[in-house]
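Below are the chains, spelled out letter by letter.
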Amino acid sequence: MTARYLSIEQVDMTFTRDGIDSQVLKNINLSVERGEYISIIGHSGCGKSTLLNIVAGLIDSTSGAVILDGKEVNDPGPDRSVVFQNHSLLPWLTVFENVALAVNKTFARSKSKAERHEWILKNLEMVGMTAARDKRPDEISGGMKQRVGIARALAMEPKVLLLDEPFGALDALTRAHLQEEVMRIQEELHNTIIMITHDVDEAVLLSDRIVMMTNGPSAKIGEILAIDLPRPRNRITLADDPRYNHYRQEVLRFLYEKQRKVESLAERRDKPAITDAAKARA
Amino acid sequence: MSVSQRADSVTQPAQASWVPQLQKLKDALVQRVLPPLLILALLGGIWELLCSSPTAALPPPSQVITDTWSLIVNPFYDYGGNDKGMGWQILASLERVAYGYSLAVVVGISLGVLVGQSTWALRGLDPVFQVLRTVPPLAWLPISLAGFQDSAPSAIFVIFITAIWPIIINTSVGVRNIPEDYRNVARVLRLNGYEYFTRIMLPAAAPYIFSGLRIGVGLSWLAIVAAEMLIGGVGIGFFIWDAWNASMLSDIVLALIYVGIVGFILDRMVAYVGNRVTRGTSKG
């Protein structure tokens, strides 16, 4: 097996609650190249976030392994920084202090105090938040909070940046704006990024590859779609691009035809029925 | 002529700038200070009417003021023994509260963090706390007198044991309610135990902790008066008991007013500190 930058190998995840096992992920295999932008898309409840949390090390997989840059991931660490869906800034710290907490901890030994200060400012500048450095999270908008969350994650210089539905809680205009920012930053820094999303346009616009997951329980990777569109990408010109629309259609077809989400009360009560139906479909 | 004109033109804008400020102050006085003053005057009037007959059991406010005038104007006299001014009496009580309460803060927050962090500590200690916290403060006094063989530490112990329960319980609830997101941030950053405690846990639980501290300070001030009545010595509690024995009802009324005001100030002080520390996230 060739040594990939990040590889997820045969990961299974089973949660046990009240003595009842429920398998969330089954036999997940994925290799990610350095500098690649991967989106994971699937219906809600399919275990996308669980998979991201396993890569982050926040939860342990039941079996299988995650290997990053030749080392197995066992617990969380700054080499896999996470941008959480609801920003998770600490409300008692200012914008600057929130980023500083991460920078001062991560580079306590490798950077001098002055260098760290510079580095915090540089990262705030990268996301356009320099002017709000002394504001508290309560005093800034949702989009700005998410910018700070991104700055905090970037500032740790992670080997892989994990984005957990980073734009999900934002309005459409703010979301579009932040997507552009993330594309620009990735172009500049060549970060390796794994992003969870359920927005088809977002996935196609940002990704090098889209990983489409089947419905849970026992979700697995259904298809992987390589997006071969030149960068920098522009959402307005792409809207008329036949390739872009083709990719979009592929993802939509997967989500709404092959993996149509049927969630009726009867099936909820009778879980095995879903598994059988899913198997029959697959 | 020209000089006075110039003077006018200089003073006018200056006046214009502080007149609205004065107006704001006036509004604040009318809205905040006037209503309680009116109620106070009304209640005082009723009291005066009810107690004005010579056969009344309690003194009317006018008599309270004439009786206690020497105490009011001279709060810091010291004639030796227990015969000290009201200022000294209150300071003596405050000193006991300060010792007992500080001890309760340190021990209470530590135990609260323990119970909030560890499920086993919660299972083991919480039932014990729930039973002990219902024991009335004064019920602890005989046993602490027996244990310490001295009245001074006993009073402090009673304050401690009274104030500690709300501090423990609120701290543990605050620690248990730290959002999972903050814990995850701490884990990704690999904060060590000490860093997690100071950078995440204390600030995140601070609003809860301070509501516990406020309840605690109120309870300790309630308990000190009762405890001092029993242990004697200098202190506002024994002052009240002493006045009762000497049938000086006016002194008791004055002492009650002082106790109320000091209790109110203590509560506001803790609320103020809490507001500063939590930067407004705990509403005072």
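## Observations regarding helix 8 (residues 193-231) of chain B
Residues and elements named next belong to chain B.
Phase 1 of the analysis: In a regular helix each residue adds 1.5 Å, so 39 residues correspond to 57 Å; helix 8 covers only 44 Å between its end C-alpha atoms and thus falls short of that length.
Phase 2 of the analysis: When the local axis directions of helix 8 are compared, the greatest deviation, roughly 60°, occurs at Ala-206, which is followed within four positions by the proline Pro-207.
Phase 3 of the analysis: At the N-terminal boundary of helix 8, the capping side chain belongs to Asn-192, with an oxygen 3.2 Å from the backbone nitrogen of Tyr-194.
Phase 4 of the analysis: Positive backbone phi, approximately 75°, marks Gly-232, located one or two places after helix 8.

## Observations concerning the pattern of salt bridges
Opposite charge on two side chains lets them pair, provided their charged atoms get close.
All names here are of chain A.
Phase 1 of the analysis: Inspection of the entire model under this criterion finds 20 salt bridges over all chains.
Phase 2 of the analysis: Asp-199 is the partner of Arg-175 in a salt bridge, and the nearest nitrogen-oxygen pair spans 3.3 Å. Placement of the pair is Arg-175 in helix 5 (residues 172-189) and Asp-199 in the loop between strand 8 (192-197) and helix 6 (200-206), with a sequence separation of 24 residues.
Phase 3 of the analysis: With a relative accessible area of 19%, Asp-199 lands in the buried category.
Phase 4 of the analysis: Shared partners join several salt bridges into a network, and the residues in it are Arg-147, Glu-181, Arg-184 and Glu-188.

## A closer look at the sheet that holds strand 9 (residues 209-213) of chain A
Residue and element names in this part refer to chain A.
Phase 1 of the analysis: The mixed open sheet is built from six strands, whose spatial order is 6-7-8-3-9-10. A strand with exactly one partner marks an edge of an open sheet, and here the two such strands are strand 6 (82-83) and strand 10 (221-226).
Phase 2 of the analysis: Two strands pair when backbone bridges link them, and strand 6 and strand 7 (residues 160-164) are joined in this way by two bridges, in the parallel orientation. In the strand pairing of strand 7, Val-83 is matched with Leu-163.

## A look at the confidence of the model for chain B
Residues and elements named next belong to chain B.
Phase 1 of the analysis: Confidence in the prediction for chain B averages 88 pLDDT; 92% of positions are at 70 or higher.
Phase 2 of the analysis: Averaged over each element, pLDDT in chain B is lowest for helix 1 (residues 2-50) (76) and highest for helix 3 (residues 86-117) (95).
Phase 3 of the analysis: Contacts of residues 1-11 to residues separated by more than four positions or lying in other chains number zero contacts, the stretch itself having pLDDT below 50.
Phase 4 of the analysis: This complex was scored by the predictor with a pTM of 0.78 and an ipTM of 0.83.

## Overview of the environment of Gly-174 of chain B
Residue and element names in this part refer to chain B.
Phase 1 of the analysis: Inspection of the secondary structure assignment puts Gly-174 in helix 6 (residues 151-176).
Phase 2 of the analysis: Residue classification places Gly-174 among the buried residues on the basis of a relative accessible area of 1%.
Phase 3 of the analysis: For the pair Gly-174 and Pro-207, spaced 33 residues apart in sequence, the C-alpha to C-alpha distance is 7.6 Å.
Phase 4 of the analysis: With residues near it in sequence (within four places) discarded, Gly-174 still touches Ala-205 and Tyr-208.

What counts and what doesn't
- Residues numbered from 1 in each chain as written.
- Chains lettered and ligands numbered in written order.
- Predicted model: local features only at pLDDT ≥ 70, side-chain atom pairs only at ≥ 80, totals over all residues.
- Heavy atoms only, no water.
- Helix = DSSP H or I, 4+ residues; strand = E, 2+ residues; numbered from the N terminus.
- Expected span 1.5 Å × (residues − 1).
- Bend = angle between axes of the 7 residues up to and from the residue.
- Polar contact = N/O pair within 3.5 Å; in protein donor to acceptor, adjacent residues only side chain to side chain.
- Salt bridge = Lys/Arg side-chain N within 4 Å of Asp/Glu carboxyl O.
- Buried < 20%, exposed > 50% of the residue type's maximum accessible area, 1.4 Å probe, protein only.
- Pairing = 2+ DSSP bridges.
- pLDDT = per-residue confidence, 0-100.
- Contact = heavy atoms within 4.5 Å.

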